[in-house]
Structure formats: structure tokens, C-alpha cells
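Coordinates in review
One-letter residues, chain by chain:
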Amino acid sequence: DYMSLPDAERILLSRSLYMDGLLMARIAEEKGGSSVISAWPKIQRTMKTIMRLEHGYVEFYGAYRTIAIANTRMPAIFGDRKLAFEYFTTIIDYTDVGNGRSSFVANNLFFSELLFKMKKPEEGCAQLTLVTTATRAEVEQAAPEFVYESLNTIEQAKEVFADKCQ
């Protein structure tokens with residue numbers, strides 16, 4: 001029973017499971033097609049296990065983010081956009097550093113992707129604005145271990161903003 005483990009060990013287990021699930025998701029996404037659909041049950045089970053361990057917050061709510069991204073990107077027949085919206089809202093609420101910007105700006109970028117698919121361009125552009133206006137100093141303060149990833153996310157958000165919001 002994992003819940004009988006000391007909290008520090010459950011945190012380490014949650015982080016390990018997250019990295020395992022993330023790797024499975026990235027490999028499936030690279031392969032494309034039916035690989036994503038066939039890998040999804042195992043990825044989802046891994047992320048739900050993290051939540052059951054009561055450490056869904058690890059990696060800036062990574063388990064929630066992974067499930068939300070999958071439900072955003074899967075064909076509508078398989079994906080649950082309502083669940084994705086609920087999870088992204090939870091993520092932003094718990095990681096908000098002010099004005100709705102997540103301490104891990106990729107959360108806002110991925111949320112914008114969902115909002116555009118839900119035909120909510122103004123809200124999607126608002127999420128992108130939160131990302132594109134983040135400064136290096138803000139990123140360094142909010143998520144020092146992810147500075148370069150966050151700076152890359154800001155550049156990606158600028159490209160999406162130029163395409164969808166101008």
C-alpha cells in the first residue's frame with residue numbers, strides 16, 4: 001500500500017511516476033496516429049496514481065497537466081474537453097503568481113490551446129498574453145529550476161500569439 005509510505009517517499013514516487021508517464025506520452029506523440037490512443041490508458045493510470053498518492057502538485061501539477069493536454073489534443077470522440085478545462089483551471093488556481101499567470105508558464109500556453117479548440121479565442125489570447133509578458137526575472141523567481149524551458153515557452157507563445165491573436 002503506497003499510502004503507508006512516508007510522505008517524502010510518496011513525493012519521490014510521484015515524481016518518478018510523472019517522469020515515466022511523461023516519457024510514455026512523448027514517445028506516443030512522436031509515433032503519432034493510433035499510438036497515442038493505445039498508450040493513453042497506461043499514461044492516464046500513471047497520472048491518476050500520482051493524484052491518489054496525494055501529490056498531484058509535483059512538477060507544477062504535472063499529472064493534471066498531462067491529462068488535460070491529452071484530453072485537449074485527442075480527437076473529440078476520445079478527449080474530454082470539459083475535464084481538460086476543469087484541470088487547467090485547477091492548475092492555474094494553485095500555481096497563480098498573480099493575474100492568472102502560472103508559476104510554470106507552460107500551463108498557460110497549454111490552457112490557451114484548449115481555449116482555442118473550445119472556440120474561445122479572446123480567452124486563449126488572454127492566456128498567451130500572460131505568457132508573452134512574463135520577464136526573465138519573473139520566470140527566475142517563480143520557477144528557477146525551469147528558467148530555460150520557461151523562456152522557450154515564452155518564445156513559443158509569441159509565435160502562437162502572432163498567428164492567432166493579431
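Treat the numbers as computed from the prediction; the structure is a model and nothing was measured.

The next subject is the state of the cysteines. This model, assessed by the stated rule, comprises one disulfide. There is a disulfide in this structure between Cys 125 and Cys 165, and the S-S distance comes to 2.0 Å. Given an S-S torsion of about -100°, the disulfide between Cys 125 and Cys 165 has left-handed geometry. Of the two residues, Cys 125 sits in helix α6 (residues 121-132) while Cys 165 sits in the segment after α8 (147-164), which places them 40 residues apart along the sequence. Overall, the relative accessible area of 14% leaves Cys 125 in the buried class. Accessibility expressed as a relative area gives 21% for Cys 165, which makes it partly exposed.

Another aspect to go through is the pattern of salt bridges. This model, assessed by the stated rule, comprises eight salt bridges. One salt bridge connects Glu 54 with Arg 10, and the closest N-O pair in it is separated by 3.9 Å. Pair noted here: Glu 54 is in the loop between α2 (34-52) and α3 (58-73) and Arg 10 is in helix α1 (residues 7-31), with a separation of 44 residues, a long-range link. Here Glu 138 ties to Arg 101 by a salt bridge, and the two come within 3.0 Å at their closest N and O atoms. Here Glu 138 is found in helix α7 (residues 136-142), whereas its partner Arg 101 is found in the loop between α4 (81-95) and α5 (106-117), with 37 residues between them in sequence. Judged by its relative accessible area of 35%, Glu 138 falls in the partly exposed class. Because the salt bridges share partners, they merge into one network encompassing Asp 7, Arg 10 and Glu 54.

Quick look at the environment of Thr 129 now. Note that Thr 129 resides in helix α6. On the basis of relative accessible area, Thr 129 is assigned to the partly exposed category, the value being 33%. Between the alpha carbons of Thr 129 and Ser 112 there is a distance of 9.8 Å; along the sequence they are 17 residues apart.

At Phe 60, a position not held by glycine, the phi torsion is positive, near 55°. Its place among the elements puts Phe 60 in helix α3. Classification of Phe 60 by relative accessible area gives buried; the value is 14%.

Another point: the packing of aromatic side chains. Counted under the stated rule, the structure contains eight aromatic pairs. Taken together, the aromatic side chains of Tyr 61, Tyr 64, Tyr 87 and Tyr 94 make up a single cluster linked through ring pairs.

So, how was this worked out
The residue numbering used here restarts from 1 in each chain and proceeds along that chain's sequence as written. Under the rules for a predicted model, residues below a pLDDT of 70 receive no local features and side-chain atom pairs below 80 are neither given nor counted, while totals for whole chains, interfaces and linings still include all residues. Heavy atoms throughout the structure, all of them, feed into the side-chain values; hydrogens and water do not. Disulfides are defined in this document as cysteine sulfur pairs within 2.5 Å. Per the convention used, a helix needs a DSSP run of H or I reaching at least four residues, while a strand needs a run of E reaching at least two, with both numbered from the N terminus. Summary of the burial criterion: residues with accessible area below 20% of their type's maximum are buried, those above 50% are exposed, and those between are partly exposed, where the area comes from a 1.4 Å probe applied to protein chains only. Only one rule defines a salt bridge in this text: a Lys or Arg side-chain nitrogen within 4 Å of an Asp or Glu carboxyl oxygen. By convention, a stacked pair of Phe, Tyr or Trp rings (six-membered ring in the case of Trp) has centres within 6.5 Å and planes under 30 degrees apart, an edge-to-face pair has planes over 60 apart, and any other such pair is tilted.

So, to be careful, I would describe these as geometric facts and stop short of saying anything about function.
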